[in-house]
Amino acid sequence: MKILLTGIRRDFDRELACFFVEKGHTVFALGGMDGTLPAVTFLPYQPLQEDSARQMAQALAEKAGWIDVFIDTSAAHFEAEGQTIRQGIDPEAVMRSFRFNTLAPLEAFEAVLPLMDRGECKRACFISDHRASVNWNDQKAGFGPAMSKAALHNILQIAKNRLSPMGYTFRVYDPLTREADISPRQAAAGAYSYICRRRAIDPDTPGRDDERRLVLRDALGREWAW
């Protein structure tokens, strides 16, 4: 398959790219070059910059022809967002989170949809955070990351409603990169498995198909309330 990652910034992103390369897939990534990943083809892209998405999609079309799996790895977090409601929320920091965690992934996804239409798998994957769950968020600070990912989840629901009839499937995954007992390699292994397999298909009950709903799963296999 042909895989596109929207960036390789964290150790988890790097390990995930390595898994796909090791399994024989063709991997592309947006943004700066990473000298430790010679098998990955990097494409220049400046999120939310005029004409950058169109140019990126054109370059990707020339090099790949089509894309089977889109993986957004956005995980922006800004220091100013560590304040509580009593300390005061920094509106600009929150807006930065929205730009990088919500609008930038949407822009990249929209740009490559014509290439995914040509692919066979048509799987859209978004690396997220269980703090985006409104019911299960137990944080007392960090408004931007939680709010921006929650907004992205709502966008994905709307996109799924339109794209599922066209053969698209979705994966939303929390690598738990803040957990000390889970290594980036372990988290990436879980992500690779979750991205590549079908979900809860019961051959004896055709109506039972978990692809019909959006699910947020983490590196331990737990499902979080949407």
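Look a little higher up for the structure.
Scope of this entry: the structure provided in the associated data block. As the structure is a computational prediction, the values presented were derived from the model and not from experiment.

Thresholds, definitions, all that
- Residues numbered from 1 in each chain as written.
- Predicted model: local features only at pLDDT ≥ 70, side-chain atom pairs only at ≥ 80, totals over all residues.
- Heavy atoms only, no water.
- Helix = DSSP H or I, 4+ residues; strand = E, 2+ residues; numbered from the N terminus.
- Expected span 1.5 Å × (residues − 1).
- Buried < 20%, exposed > 50% of the residue type's maximum accessible area, 1.4 Å probe, protein only.
- Contact = heavy atoms within 4.5 Å.
- Salt bridge = Lys/Arg side-chain N within 4 Å of Asp/Glu carboxyl O.
- 1 Å grid on protein atoms, 1.4 Å probe; cavity = no way out; pocket = protein on both sides within 12 Å on 5 of 7 lines; lining within 4 Å.
- Points joined across faces, edges and corners; volume = space filled by probe spheres on them.
- Nonpolar A, V, L, I, M, F, W, Y, C, P; charged D, E, K, R; others polar.
- Core = buried A, V, L, I, M, F, W, Y, C linked by side-chain atoms within 4.5 Å.

Here's the deal with helix 4 (residues 143–163)
- Compared with an ideal rise of 1.5 Å per residue, which puts 21 residues at 30 Å, helix 4 spans 30 Å between its outermost C-alpha atoms and is within 8% of the ideal.
- Buried within helix 4 are the following residues: Gly144, Pro145, Ala146, Ser148, Lys149, Leu152, His153, Leu156, Ala159, Lys160 and Leu163.
- Its buried side turned inward, helix 4 meets strand 4 (69–72), helix 3 (91–118), strand 5 (123–127), strand 6 (169–174) and strand 7 (216–218).

Some remarks on the pattern of salt bridges
- Taken as a whole, this structure holds ten salt bridges when the rule is applied.
- Note that Glu22 is salt-bridged to Arg185, the shortest N-O span being 3.1 Å. Highlighted residues: Glu22 in helix 1 (residues 11–22) and Arg185 in helix 5 (residues 184–196), separated in sequence by 163 residues.
- For Arg185, a relative accessible area of 32% puts it in the partly exposed group.
- Here Arg99 makes a salt bridge to Glu92, at a shortest N to O gap of 2.8 Å.

A word on the layout of surface pockets
- One number sums up the size of the largest pocket: a volume of about 270 Å³.
- Along the wall of the largest pocket there are 18 residues; nearest its centre are Thr6, Arg9, Pro47, Ser74 and Phe100.
- Sorting elements by how many residues they give to the lining of the largest pocket places helix 3 first, with five residues.
- Split into classes, the residues belonging to the lining of the largest pocket amount to nine nonpolar, six polar and three charged.

With respect to the nonpolar core
- Membership of the largest hydrophobic core comes to 31 residues, with the highest contact counts inside it found for Leu4, Leu60, Ile67, Phe70, Phe109, Phe126 and Phe170.
- Listing elements by their share of this core, those giving two or more residues are strand 2 (26–30), helix 2 (52–64), helix 3, strand 5, helix 4 and strand 6.
- Top element by residues in this core is helix 3. It accounts for seven residues.
- Every residue in contact with Phe70, bar those within four places of it in the chain, is listed here: Leu4, Thr6, Pro105, Ala108, Phe109, Val112, Met116, Arg123, Ala124, Cys125 and Phe126.
- With 27 residues, the next largest nonpolar core counts Cys125, Ile127, Ala187 and Ala188 among its residues.

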